[in-house]
Amino acid sequence: MSFGETPLTLVGNLTDDPELKFTEGGAALAKFTIAVTPRSFDRTSNQWKDGTTAFYRCAAWRTLAEHIADSLKKGSRVVASGRMRQHDWTTDQGEKRSMLAVEVDDIGASIRFTTVTINAKPAQKSGPAGDDPWASKSSGTAGGAQDGDEPPF
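These notes cover the structure that comes with them. Just so it is clear, the structure is predicted and the values come from calculations on it, not from any experiment.

As for the overall build of the chain
Phase 1: Counting its secondary structure elements, the chain contains 1 helix and 8 strands.
Phase 2: Ordered by position from N to C terminus, the α and β elements of the chain give β-β-β-β-β-β-α-β-β.
Phase 3: When burial is assessed residue by residue, the chain has 30% of its 153 residues classed as buried.
Phase 4: Sequence separation of at least 24 residues holds for 62% of the intrachain contacts in the chain that already meet a minimum separation of 6.
Phase 5: On the chain, roughly 10100 Å² of surface is accessible, and the fraction owed to carbon and sulfur atoms is 49%.

Structural data, given as structure tokens:
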């Protein structure tokens, strides 16, 4: 993690199945959204109350992306750690757009309310440093593949 980045941990549920894509360079990219709903105990009513749900757009790269697509599905309760990133791009119509998203560094199933079975896979070596899709500067796109109204991941 670089100096000045905003680290965070999210505990919530996937709102849909992860979407797995590949950049023109072959790097795997998983896109998904995590819904986080805070709960607090109301001593007056003696009940738990849900707060306002926040939805976090997330992206994960390479082997992690493939593991997410293979392992998680809509409704999966997860614990994800990563960092908040701002993404700027220009649509095909020349409009400037911006959004905040979480670049996930690690994620796992939450076992607070369920059990899981771990299936270990052999470690894979990551590709050369030069295949970083965030490094692309062309038209504000990541890896050059996106629709004009889509964020760059």
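After that view, the rundown keeps rolling.
Looking at the packing of aromatic side chains
Phase 1: Within the structure shown, the criterion is met by 1 aromatic pair.
Phase 2: Considering the side-chain rings of F41 and W48, the 5.4 Å spacing of their centres and the 70 degrees angle between planes classify their relative orientation as edge-to-face.

Some thoughts on a nonpolar patch on the surface
Phase 1: A contiguous nonpolar surface patch, about 320 Å² in accessible area, is contributed by I111, V116 and I118.
Phase 2: Tracing the backbone through its elements, the reader meets I111 in the segment after β8 (96-109).
Phase 3: Under the relative-accessibility criterion, I111 is labelled exposed at 55%.

Topic: the pairing of strand β4 (residues 39-42)
Phase 1: Bridge count for β4 against strand β5 (residues 47-50) is 4 bridges, and the pairing is antiparallel. Of the residues in β5, the one forming a bridge with R39 is D50.

Quick word on the nonpolar core
Inside soluble globular proteins, nonpolar side chains tend to come together where they are buried.
Phase 1: Residues L10, F32, I34, C58, I68, V104 and I107 are the most contacted members of the largest nonpolar core, which totals 18 residues.
Phase 2: Looking at this core, the elements that each hand over two or more residues are β1 (6-14), β3 (28-36), β6 (54-61), α1 (62-71), β7 (77-90) and β8.
Phase 3: For this core, the element with the highest residue contribution is β3, accounting for 5 residues.
Phase 4: The residues contacting V104, other than those within four sequence positions of it, are F32, C58, A59, A60, L64, A80, S81 and G82.

Structural notes on unusual backbone geometry
Working note: non-glycine residues mostly have negative phi, and peptide bonds are mostly trans.
Phase 1: One non-glycine residue, N46, lies in the positive phi region at around 60 degrees.
Phase 2: One can find N46 in the loop between β4 and β5.
Phase 3: Owing to a relative accessible area of 56%, N46 belongs among the exposed residues under this scheme.
Phase 4: The phi dihedral of R62 is positive, around 55 degrees, even though this residue is not glycine.

Description of the side chain of S76
Phase 1: Position of S76 among the secondary structure elements: in the loop between α1 and β7.
Phase 2: Here K73 takes part through its backbone oxygen, which lies 2.8 Å from a polar atom of the side chain of S76.
Phase 3: When sequence neighbours within four positions are dropped, the list of residues in contact with S76 reads G12, N13 and L14.

Thoughts on the environment of G108
Phase 1: Checked against the element boundaries, G108 lands in strand β8.
Phase 2: Assessed through its relative accessible area of 27%, G108 is described here as partly exposed.
Phase 3: Sequence spacing of G108 and V78 is 30 residues, and the spatial spacing of their C-alpha atoms is 5.5 Å.
Phase 4: Here G108 is in contact with R77, V78 and V79, once residues within four sequence places are set aside.

The rules we used
Positions within a chain are numbered from 1, following the residues in the order the chain's sequence is written. Whole-chain, interface and lining totals are the exception, using all residues; otherwise, since this is a predicted model, local features are given only for residues with pLDDT of at least 70 and side-chain atom pairs are given and counted only at 80 or more. Side-chain figures throughout are based on the complete set of non-hydrogen atoms in the structure, without hydrogens or water. Helix and strand labels come from DSSP, where a helix needs a run of H or I of at least four residues and a strand needs a run of E of at least two; each type is numbered from the N terminus. Any residue under 20% of the maximum accessible area for its type is buried, any over 50% is exposed, and the rest in between are partly exposed; the area is computed with a 1.4 Å probe on protein chains only. Every residue pair with non-hydrogen atoms within 4.5 Å of one another is taken to be in contact. What sets the accessible areas is the Shrake-Rupley method with a 1.4 Å probe; for residues, cover comes only from the shown protein chains. In summary, the pairing rule links any two rings of Phe, Tyr or Trp, Trp by its six-membered ring, whose centres are within 6.5 Å, and it sorts them by plane angle into stacked for under 30 degrees, edge-to-face for over 60 and tilted for everything else. Patch construction takes residues with relative accessible area above 30% that form no salt bridge. Like charges are linked within 9 Å, and nonpolar side chains (Val, Leu, Ile, Met, Phe, Trp, Tyr) are linked within 5 Å. The salt bridge criterion pairs a side-chain nitrogen of Lys or Arg with a carboxyl oxygen of Asp or Glu, the two atoms within 4 Å. The pairing criterion for strands is at least two bridges between them, as found by DSSP. What is meant by a nonpolar core is a set of buried Ala, Val, Leu, Ile, Met, Phe, Trp, Tyr and Cys residues, joined one to another through side-chain atoms within 4.5 Å. Counted as a polar contact is a pair of N or O atoms within 3.5 Å, where, for protein atoms, one must be capable of donating a hydrogen and the other of accepting one, and residues adjacent in sequence contribute only when both atoms are in side chains.

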